[in-house]
Amino acid sequence: MPTVRIRYLGSLQRTLGRVEEEIEFTPGTTTQALLSLLADRHGETWKKCFLTPEDKVRPSVQLILNDTMIMKPAELERPLEESCQLCLVVGIYPLEGGEAEGILWG
């Protein structure tokens, strides 16, 4: 079965009590489905870090899939590739230059 390595960066390591984890997924699983799986697996603390009450990605969250930042909603719906890596980081500041039009979380 294919796997994805999840890396938690910055303060998330302390908050979540882990640096990384590896998850098996079925072919066709999307990044959005993976985020839902992680929320179910890790509970409220994880969910509060990454998702709004409406289960949308928080504006402060940055997702980097295989060294490419996910910036549009459609990118969350692409199927994951075998042996991929997803890095998650929560920023505490807006992107330089203020509002970034067209970015997923805005």
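Basis of the calculations
Residues numbered from 1 in each chain as written. Predicted model: local features only at pLDDT ≥ 70, side-chain atom pairs only at ≥ 80, totals over all residues. Heavy atoms only, no water. Helix = DSSP H or I, 4+ residues; strand = E, 2+ residues; numbered from the N terminus. Buried < 20%, exposed > 50% of the residue type's maximum accessible area, 1.4 Å probe, protein only. Contact = heavy atoms within 4.5 Å. Areas by Shrake-Rupley, 256 points an atom, 1.4 Å probe, with all protein chains shown as cover. Pairing = 2+ DSSP bridges. Axes fitted to C-alpha atoms, helices over the stretch in contact; angles between N-to-C directions. 1 Å grid on protein atoms, 1.4 Å probe; cavity = no way out; pocket = protein on both sides within 12 Å on 5 of 7 lines; lining within 4 Å. Points joined across faces, edges and corners; volume = space filled by probe spheres on them. Nonpolar A, V, L, I, M, F, W, Y, C, P; charged D, E, K, R; others polar. Salt bridge = Lys/Arg side-chain N within 4 Å of Asp/Glu carboxyl O.

### Looking at the overall build of the protein
Counting secondary structure elements, the protein contains three helices and five strands. The helix and strand sequence of the protein, counted from the amino end, reads β-α-β-α-α-β-β-β. Among the 106 residues that make up the protein, the fraction classed as buried is 37%. Counting only contacts in the protein whose residues sit at least 6 apart along the sequence, the fraction spanning at least 24 positions is 57%. Surface summary for the protein: the accessible area is close to 6700 Å², and the carbon and sulfur share equals 49%.

### Things to note about the pairing of strand S1 (residues 3–8)
In this structure, S1 lies alongside strand S2 (residues 20–24), joined through five bridges in antiparallel fashion. Each bridged residue has a counterpart across the sheet, and for Ile6 the counterpart in S2 is Glu21. Of the strand pairs in this sheet, S1 and strand S5 (residues 84–90) are connected by five bridges, and their pairing is parallel. Across the sheet, Tyr8 pairs through a bridge with Leu88, a residue of S5.

### Structural notes on the sheet that holds S2
Judged by pairing direction, the sheet is mixed, and its five strands sit side by side in the order S2-S1-S5-S3-S4 without closing on themselves. A single partner strand is all that each edge strand has here, and the edge strands are S2 and strand S4 (68–69). Sheet strands in contact with helix H2 (residues 31–42) are S1, S2, strand S3 (61–65) and S5, and its direction is about 115 degrees off that of S2.

### With respect to the layout of surface pockets
Taken as a whole, the second largest pocket holds about 180 Å³ of empty space. If you trace the second largest pocket, you find it lined by Leu65, Asn66, Thr68, Met69, Ile70, Glu75, Arg78, Pro79, Leu80 and Glu81. Looking at the lining of the second largest pocket residue by residue, the classes come out as five nonpolar, two polar and three charged.

### Considerations on the pattern of salt bridges
Summed over the entire model, instances satisfying the criterion amount to four salt bridges. For the salt bridge of Glu21 with Arg18, the shortest nitrogen-to-oxygen distance reads 4.0 Å. You can call Glu21 buried: its relative accessible area is 14%. For Lys47, the salt bridge goes to Asp55, with nearest N and O atoms at 3.3 Å. The exposure class of Asp55 is partly exposed, given its relative accessible area of 36%.

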